[in-house]
Amino acid sequence: MSLPTTLALLGFALAAAASQGSESACTSFAPASLAGASLSGTTHYAANTRVNISNVYSSIDVSNLPSFCRVELVITTNATAGSTALTEVWLPDDWNGRVLTVGNGGLAGGVTVAELGHVAVPQGFAGISTNTGHNGTTDDGDWAGPHNDNAIVDWGWRALHLSVLAGKQVVEQYYGTPANKSYYLGCSTGALKEVQDFPEDFDGVVVGSPANWQTHLQGWSIHMNLNTQPSTSPHFITEDMWSDVLAPEVMRQCDALDGVKDGIINDPRICNFRPETLTCRPGQNTSTCLTGDQISALHRIYADYYEADQTYIFGGYYPGGETEYYHGLVGKKQFTIGLNYFKFMVLNDTTFKTRDYDATVLKKADAIDPGQANAINPNLTAFAGPPHNGKLLQYVGWADQLISPGNSIHYYETVHEFTLANTTMDIDDYYRLFLVPGMNHCHGGFAANAFGSVEQASNDNPPLSFNPEHNVLAAMVQWVEQGVAPETIVAANYKDNNVTNGVGFTRPLCRYPTTIRHKGGDPSVADSFECA
């Protein structure tokens, strides 16, 4: 896509005249004196030529990108220990004057090339991404230990922060001018640590379902596993029961509460789901009903997690995502990220099993905070207050199967409380939270789940357009650069979650604490709904 077309779709003006790159500029690029970084290679890709790049975490194979220069760096994260991170900066020939850093997920170690290609470069951003200091899949944790504390710190925050600093230097040297603004777009791991500890790194941050409370998130994940495991226990619930018994009953009880019966629960907090209605009758086939043990497990699954001393740990599942929950934390398979987190980062004990988890293990995790990855500080004044005036937009799916949407609400409310108690600031001026009915973790689910964030276009769910009405990144740019804060974002559902099948329906995403409400008319059209 050409720059003029992109700008027309984005619907906002450039902060300054765009700068140009070229094949010759790319192949001859030799940055001088990058602090703590060295160049390992440059490659220029002409427009609409094949871009086929992969690593253990992320891959892209497309032939529709505008021309750009791929710059590969090695970042020294700890000179004494000799630790490094791999970072890439993708520099479009037609640059819009902005930098966009894209995040990672889980325990992953790999440059997120899919999002550099599907989000950053097509919209004219210089894109930055890092492997967080190691190579590994989303679930892989054995790189962390035992006792590889340096790598854990890189993953926790250091590799991302240093990559942003080096990436900005590369951008300035390549184009001959610094970026006008710096943005972040990611889902799950990263970003909030930057907002809290390095507020100058980004002017605007868009983060989905953040894994910002790692110690409690991983404890909760094992707690959820134990609610149904082992698969031989009387409280185990099979995949077929989740999809064929529980899911239809949840919808029968709660789907119509929001004014339209469409297979989506717009606000599951108003759904008082009663699994007791599925209790097995004498002689009934137990694959079609629930036992007392299974009902007790469900009450724990849908509840907030408190320890015995009434310490709040994490939110629970919400009704509406039953077709995916089995594949999240309550199926037959153990959730590997949580297991590896405690095995390699907290206890340095390779014999640790899920059944060994208890409150003592959680307290040890809180005391250590591996990699200082927890990002739960409610004081965002350095980021949001003058002179920086940063903006934060957060979103989460109500049917998230990996991180409870209650976590996003909890963090937002702690920031809200701090802001009211300690400042004269208005949280709406710098922090907005959007909840997405029916969406799973970051994307997917039966939902209006295409609105321009990561893992969407790369999974065949691009936004309807690049303008601020439909594209969360453009909405953030408009907020930072024009002072127009987003009230709603119109998201799309593509039939079978694939753009080639056409639009199934559109819906507005509502700013918390408002929720979506059907006001009448065609339920497949966003204009038939309002936020109230």
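**Looking at unusual backbone geometry**
Moving on, step 1. Cis geometry marks the peptide bond from glycine 145 to proline 146, where omega comes out at 5°.
Moving on, step 2. That bond from proline 386 to proline 387 is cis: its omega, 5°, falls within 30 degrees of zero.
Moving on, step 3. One non-glycine residue, cysteine 442, adopts positive backbone phi at about 75°.
Moving on, step 4. By the element assignment, cysteine 442 lies in the loop between β13 (431-436) and α14 (472-482).
Moving on, step 5. Classification of cysteine 442 by relative accessible area gives buried; the value is 2%.
Moving on, step 6. A positive phi angle is found at aspartate 460, which is not glycine, with a value near 70°.
Moving on, step 7. Mapped onto the elements of the fold, aspartate 460 is located in the loop between β13 and α14.

**Quick word on the pattern of salt bridges**
Moving on, step 1. Using the criterion set out here, one finds 13 salt bridges in the structure.
Moving on, step 2. Notably, a salt bridge pairs aspartate 197 with lysine 193, separated by 3.3 Å at the nearest N-O pair. Of the two residues, aspartate 197 and lysine 193 both sit in helix α5 (residues 192-197), 4 residues apart, roughly one turn of that helix.
Moving on, step 3. On the basis of relative accessible area, aspartate 197 is assigned to the partly exposed category, the value being 39%.
Moving on, step 4. Residue arginine 252 is joined to glutamate 249 by a salt bridge in which the shortest nitrogen-to-oxygen separation is 2.6 Å. With arginine 252 and glutamate 249 both in helix α7 (residues 239-254) and 3 residues apart, this pair spans about one turn of that helix.

**Section: the state of the cysteines**
Moving on, step 1. Overall, the coordinates contain 5 disulfides when judged by the stated rule.
Moving on, step 2. In this model cysteine 280 forms its disulfide with cysteine 289; the gap between the sulfur atoms is 1.9 Å. Sign of the S-S torsion, about 95° for the bond between cysteine 280 and cysteine 289, identifies this disulfide as right-handed.
Moving on, step 3. Of the residues examined, cysteine 289 reaches a relative accessible area of 0% and is grouped as buried.

**Thoughts on the sheet that holds strand β6 (residues 98-102)**
Moving on, step 1. Pairing in this open sheet of 11 strands is mixed, and the strands run β1-β4-β5-β7-β6-β8-β9-β12-β13-β15-β14 from one edge to the other. Looking at which strands have only one partner, the edges of the open sheet turn out to be β1 (37-45) and β14 (488-494). Ignoring which end each strand starts from, the neighbouring axes of this sheet average 20° apart.
Moving on, step 2. Pairing geometry for β14 and strand β15 (residues 503-511), over 7 bridges, is antiparallel. Directly across from alanine 491, in β15, lies its bridge partner arginine 507.

**Some details on the pairing of strand β4 (residues 68-78)**
Moving on, step 1. Two elements, β1 and β4, share 8 bridges in a ladder whose sense is antiparallel. By the bridge assignment for β4, histidine 44 is matched with cysteine 69.
Moving on, step 2. The hairpin formed by β4 and strand β5 (residues 83-92) contains 4 residues between the paired strands, and glycine 82 there has a positive phi angle of roughly 70°.

**Thoughts on the side chain of glutamate 249**
Moving on, step 1. In this structure glutamate 249 comes out as buried when scored by relative accessible area, which is 10%.
Moving on, step 2. In contact with glutamate 249, not counting residues within four places along its chain, are Phe273, Thr277 and Leu278.

**Here we look at the nonpolar core**
Moving on, step 1. Membership of the largest hydrophobic core comes to 55 residues, with the highest contact counts inside it found for Trp242, Tyr317 and Phe342.
Moving on, step 2. If you list the elements that add at least two residues to this core, you get α4 (149-175), α6 (214-228), α7, α8 (292-301), β11 (312-314), α10 (336-346) and α11 (359-368).
Moving on, step 3. Once residues within four sequence positions are removed from consideration, tyrosine 317 is found in contact with Trp220, Met224, Ile301, Tyr302, Tyr325, Gly328, Leu329, Val330, Asp400 and Gln401.
Moving on, step 4. Counting 42 residues, the second largest nonpolar core, distinct from the first, contains Val51, Phe68, Val113 and Trp479.

Calculation rules
Residue numbers restart at each chain and count upward from 1, following the sequence in its written direction. Note on the predicted model: pLDDT of at least 70 is required for a residue's local features to be given, and 80 or more for side-chain atom pairs to be given and counted; whole-chain, interface and lining totals, by contrast, use all residues. Side-chain figures throughout are based on the complete set of non-hydrogen atoms in the structure, without hydrogens or water. Secondary structure counts use DSSP, requiring at least four H or I residues in a row for a helix and at least two E residues in a row for a strand, with both numbered from the N terminus. Only protein chains enter the accessibility calculation, which uses a 1.4 Å probe. A residue is then buried if its area is under 20% of the maximum for its type, exposed if over 50%, and partly exposed in between. Here, a salt bridge means any Lys or Arg side-chain nitrogen found within 4 Å of an Asp or Glu carboxyl oxygen. Pairs of cysteine sulfur atoms within 2.5 Å are what we label disulfides. If DSSP finds at least two bridges between two strands, the strands pair. All axes are obtained by fitting lines to C-alpha atoms, using only the stretch in contact for helices, and the reported angles, taken between N-to-C directions, cover 0 to 180 degrees. For this analysis, residues touch if any pair of their heavy atoms sits within 4.5 Å. Residues belong to one nonpolar core when they are buried, are Ala, Val, Leu, Ile, Met, Phe, Trp, Tyr or Cys, and are joined through side-chain atoms within 4.5 Å.

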